[in-house]
Amino acid sequence: MLSVLTGALLLLPACAGKVDTTKDFAMTLNGQKYVVKLDAPAARIQELEAGYSNEQSLSVTFPIKTANPMKVMGFRLAFKERQIVVDEEIESHAGDDRHFLHMQYFPLLGHKVNEGTILTYSSRRKTGSLRVRFDELEAQAGGRVKGIILYAALYAYYQKQDSPDPIEPKEEKKLEIYNFPFEATFVESTF
């Protein structure tokens, strides 16, 4: 019981202190310091429309370390290889209709389970944005990906299981992240 409470406390936003945005994995939620422990990044590659297309869905995930045995909660950077230029900063904004680069965050807390509603943060909402640099990209199973998420602004919304329409929270929630370095080897994925 004590370890569950301790783990939950580690996931709560820390309200004291100024955030040094030059440090790796710096985060703020509505301007206040936000702390979450993350596991090592993992890279996944999935063929879209298997057998009908040569396009692939690529992602790098940063799973939450505590109380997350399936490694599905945490940050997920998704991108399309054709749009990526190695060693250049690439930006994507909420209104960008190319959808080649975006980021989501699936927290452990904040869901409305009794209503069948989950909380998600996305760079595609409101005035969200994302700036990434890829230093290495070999888009194949066993290939490597390396880079850094320089900045991301993610806005919260709720999603009901039985509806495609997002629900806005009563109070706006803006999560900003700074300097998320990643280095991983792609594995094939079916999800």
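Residues numbered from 1 in each chain as written. Predicted model: local features only at pLDDT ≥ 70, side-chain atom pairs only at ≥ 80, totals over all residues. Heavy atoms only, no water.

**Details of the overall build of the protein chain**
The secondary structure content of the protein chain amounts to one helix and twelve strands. Reading the helices (α) and strands (β) of the protein chain from amino to carboxyl end gives α-β-β-β-β-β-β-β-β-β-β-β-β. Split into buried and exposed, the 191 residues of the protein chain put 42% on the buried side. Restricting to contacts in the protein chain with at least 6 residues of sequence separation, those with at least 24 account for 63%. About 10900 Å² of surface is accessible on the protein chain, with carbon and sulfur atoms providing 51% of the total. (Helix = DSSP H or I, 4+ residues; strand = E, 2+ residues; numbered from the N terminus. Buried < 20%, exposed > 50% of the residue type's maximum accessible area, 1.4 Å probe, protein only. Contact = heavy atoms within 4.5 Å. Areas by Shrake-Rupley, 256 points an atom, 1.4 Å probe, with all protein chains shown as cover.)

**Some thoughts on the packing of aromatic side chains**
A full pass over the atoms with the stated rule returns eleven aromatic pairs. Residues Phe-75 and Phe-180 carry aromatic rings whose centres are separated by 5.1 Å and whose planes lie at 75° to one another, so their mutual orientation is edge-to-face. With Phe-75 in strand β5 (residues 74-79) and Phe-180 in strand β12 (residues 174-188), this pair connects stretches of sequence that are 105 residues apart. By relative accessible area, which is 0% here, Phe-180 ends up buried. Ring geometry for Tyr-105 against Tyr-121: centres 5.7 Å apart, planes inclined by 45°, an arrangement best described as tilted. Placement of the pair is Tyr-105 in strand β7 (residues 101-106) and Tyr-121 in strand β8 (residues 117-122), with a sequence separation of 16 residues. Aromatic rings pair up to connect Phe-25, Tyr-34, Phe-62, Phe-75, Phe-79, Tyr-105, Tyr-121, Phe-134, Phe-180 and Phe-182 into one cluster. A cation over an aromatic ring shows up here: Lys-112 above the ring of Tyr-158, its NZ or CZ 4.4 Å from the ring centre. Positioned above the aromatic ring of Tyr-157 is the side chain of Arg-125, whose terminal nitrogen or guanidinium carbon lies 4.9 Å from the ring centre. (Phe/Tyr/Trp six-rings, centres within 6.5 Å; stacked < 30°, edge-to-face > 60°. Lys NZ or Arg CZ within 6 Å of the ring centre and 35° of its normal.)

**With respect to the side chain of Thr-61**
Checked against the element boundaries, Thr-61 lands in strand β4 (residues 56-63). A polar atom in the side chain of Thr-61 sits 3.2 Å from the side chain of Arg-44. (Polar contact = N/O pair within 3.5 Å; in protein donor to acceptor, adjacent residues only side chain to side chain.)

**As for the environment of Asp-135**
For Asp-135, the location among the structural elements is in strand β9 (residues 129-137). Put simply, Asp-135 and Ile-148 are 13 residues apart on the chain and 8.0 Å apart in space, counted from C-alpha to C-alpha. Engagement of the side chain of Asp-135 in a polar contact is seen with the side chain of Arg-133, the distance being 2.7 Å.

**Here's the deal with the pattern of salt bridges**
Any two side chains of opposite charge can pair, on the condition that their charged atoms come close. Throughout the structure, instances matching the rule amount to nine salt bridges. Here Arg-133 and Asp-135 are joined by a salt bridge, their closest N and O atoms 2.7 Å apart. Since its relative accessible area comes to 27%, Arg-133 is described here as partly exposed. Residue classification places Asp-135 among the partly exposed residues on the basis of a relative accessible area of 28%. Salt bridges sharing common partners tie together Arg-125, Lys-126, Glu-168 and Glu-172. (Salt bridge = Lys/Arg side-chain N within 4 Å of Asp/Glu carboxyl O.)

**Structural notes on unusual backbone geometry**
In the Ramachandran plot, Asn-30 falls in the positive-phi region, its phi being about 50° despite a non-glycine side chain. The phi angle at Lys-71 is positive, at roughly 60°, despite the residue not being glycine. Note that Lys-71 resides in the loop between β4 and β5. What makes Lys-71 partly exposed here is its relative accessible area of 34%.

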